[in-house]
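Given next are the chains, with one letter for each unit.
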Amino acid sequence: RVKDMGRNGFGFYDSSMNLDVERNLMLNMRLHQAIQQGDIEVYYQPILDLKSRKIVAAEALMRWFDPELGFVSPEDFIPLAEKNGLIHKLGVMVLLEACTQAASWQKISPITVAVNFSSVQFRHCEQLQETIVDILLKTGLPASQLDMEVTESLLIDQGHSLMKMLSYLKQLGVGLSIDDFGTGYSALSYLQKFPFSKLKIDRAFINKMATSSSDESLVSAILAMAKSLGLKVVAEGIETEQQASFLQEHNCEFGQGYLFSRPIPAAEFTKLLLDEQRKQESLVLKQPA
Ligand code: C2E
Ligand code: MG
Ligand code: MG
Ligand code: MG
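Residues numbered from 1 in each chain as written. Chains lettered and ligands numbered in written order. Predicted model: local features only at pLDDT ≥ 70, side-chain atom pairs only at ≥ 80, totals over all residues. Heavy atoms only, no water.

By the naming in an unreviewed UniProt entry, the protein chain is EAL domain-containing protein, taken from Shewanella pneumatophori.

Rendered as structure tokens:
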């Protein structure tokens, strides 16, 4: 079935498409309201050092709880916001919120914050760059404590201004991660061409590792490649101890997933950091002089 026929597109039609259109119109309206009423929240999922099992970063993830619709997944509303342009507003909201939060977390632990960026946000590169710098200055978060997560789709059709922006941000110390690695279609050469610092293995691969030895091989191949390119690796979607230890044995440095924690509100994340700090302090106290 054919969707996405453009603004004035007429095309094939079936009843399920009609439902899609209606639902999207409704979601569109609701999303506008949600932004105005502040119904969009930011949750944070810990990213851990797999060896020490300590929190090294927080990935900021948007959450929308609509009074009537309930929880609307970002997988549903982000594509919509990309189409209607609201992604720009949402993007700035999340970045500001995440940097403010991360700046305050620095007093507990020197963690970084990872923020997802949609390719659409980069259509106005200069403006986006300015926004990022402004927010870093305003919140006082050191540039080195921010990681930008982008997907491969950004690298298709990119122009000169994108490269300029990414190099500039890298100079400032901002990290750049390639998200959902392994799910795209482009040639791998982009990994060398763009100033990436991290690679995040998509959870689809981690998920299948237990049942498929070819996925295990894929994951170790990705780890070897990342190492030779000097990229740090984060494994997404770790749900079992088995997966965590396989990754650890294959020198994957970082991981995130339900095994450690689901995405949680900022206040809960603060508690996790404080708990960790307390444990650390009691360990130090227990050590013989
Ligand atoms: P992502 O950036 O790849 O984020 C990781 C997703 O995996 C999150 O889904 C997270 O909740 C989920 N996840 C983490 N660990 C596990 C696990 O162990 N098992 C399973 N089954 N899932 C796990 P979420 O929060 O639903 O977000 C989905 C996608 O929506 C994100 O994928 C990202 O592409 C997009 N997104 C979310 N927040 C933002 C945002 O602020 N801006 C933009 N541009 N995109 C966002
Ligand atoms: Mg991400
Ligand atoms: Mg991902
Ligand atoms: Mg994803």
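Regarding its fold elements, the protein chain presents 10 helices and 10 strands. A compact globule built from 289 residues should have a C-alpha radius of gyration of about 19 Å, and the protein chain, at 20 Å, falls within 12% of that. For the protein chain, the C-alpha atoms occupy an extent of roughly 75 × 45 × 40 Å along the three principal directions. Here the protein chain, with 289 residues, has 44% of them falling under the buried criterion. By sequence separation, contacts in the protein chain at least 24 residues apart represent 66% of the contacts at least 6 residues apart. Just so you have it, the protein chain exposes about 15,900 Å², and 53% of that area is on carbon and sulfur atoms. (Helix = DSSP H or I, 4+ residues; strand = E, 2+ residues; numbered from the N terminus. Rg over C-alpha atoms; globule rule 2.2 N^0.38 Å. Buried < 20%, exposed > 50% of the residue type's maximum accessible area, 1.4 Å probe, protein only. Contact = heavy atoms within 4.5 Å. Areas by Shrake-Rupley, 256 points an atom, 1.4 Å probe, with all protein chains shown as cover.)

With that out of the way, let us pick up the environment of Leu27. Following the sequence through the fold, Leu27 ends up in helix 1 (residues 15-37). By relative accessible area, Leu27 is classed as buried at 2%. Counting along the chain gives 18 residues from Leu27 to Gln45, while the straight-line C-alpha distance between them is 26 Å. If near-sequence neighbours (up to four positions away) are discounted, Leu27 is found in contact with Trp64, Leu69, Val72 and Leu80.

This next bit is on the nonpolar core. Membership of the largest hydrophobic core comes to 80 residues, with the highest contact counts inside it found for Tyr44, Phe122, Ile132, Leu146, Phe196 and Leu199. With 10 residues, helix 3 (residues 86-105) is the single largest residue contributor to this core. Ignoring anything within four residues of it in the chain, the contact list for Leu146 reads Leu95, Cys99, Val113, Val115, Ile132, Leu136, Leu141, Val174 and Gly175. (Core = buried A, V, L, I, M, F, W, Y, C linked by side-chain atoms within 4.5 Å.)

Looking now at helix 8 (residues 213-228). For helix 8, with 16 residues, the first-to-last C-alpha span of 23 Å sits near the 22 Å given by 1.5 Å per residue. All of the buried residues along helix 8 are Asp215, Val219, Ile222, Leu223 and Ala226. Projected down its long axis, helix 8 carries its buried residues within an arc of 100°, all on one side. Exposed residues on helix 8 whose side chains face more than 90 degrees from its buried face are Ser213, Lys227 and Ser228. Taken together, the buried residues of helix 8 touch strand 6 (175-181), strand 7 (198-201), helix 7 (203-208), strand 8 (232-235) and helix 9 (241-249). Backbone geometry just after helix 8 places Gly230 at a positive phi near 75°. (Expected span 1.5 Å × (residues − 1). Arc of directions from axis to C-beta.)

This part is about the state of the cysteines. Under the definition given, this model contains zero disulfides. Among the cysteines around Cys99, which has no disulfide bond, Cys125 carries the closest sulfur, lying 18 Å off. For Cys99, a relative accessible area of 1% translates into the label buried. (Disulfide = S-S within 2.5 Å.)

Glancing now at the pairing of strand 5 (residues 146-150). Counted residue by residue, strand 5 has five buried out of five residues, so it is predominantly covered. Going residue by residue along strand 5, you find Leu146, Met148 and Val150 tucked away on one face and Asp147 and Glu149 tucked away on the opposite face as well. As paired strands, strand 4 (residues 112-116) and strand 5 are joined by four bridges and run parallel to one another. The residue bridging Asn116 from the neighbouring strand is Glu149, located in strand 5. Remark: the strand 4/helix 4 (residues 125-139)/strand 5 crossover connection has right-handed handedness. Following the backbone out of strand 5, through helix 5 (residues 160-172) and into the adjacent parallel strand 6, one traces a crossover that is right-handed. (Pairing = 2+ DSSP bridges. Right-handed = clockwise from strand over helix to strand, strands pointing away.)

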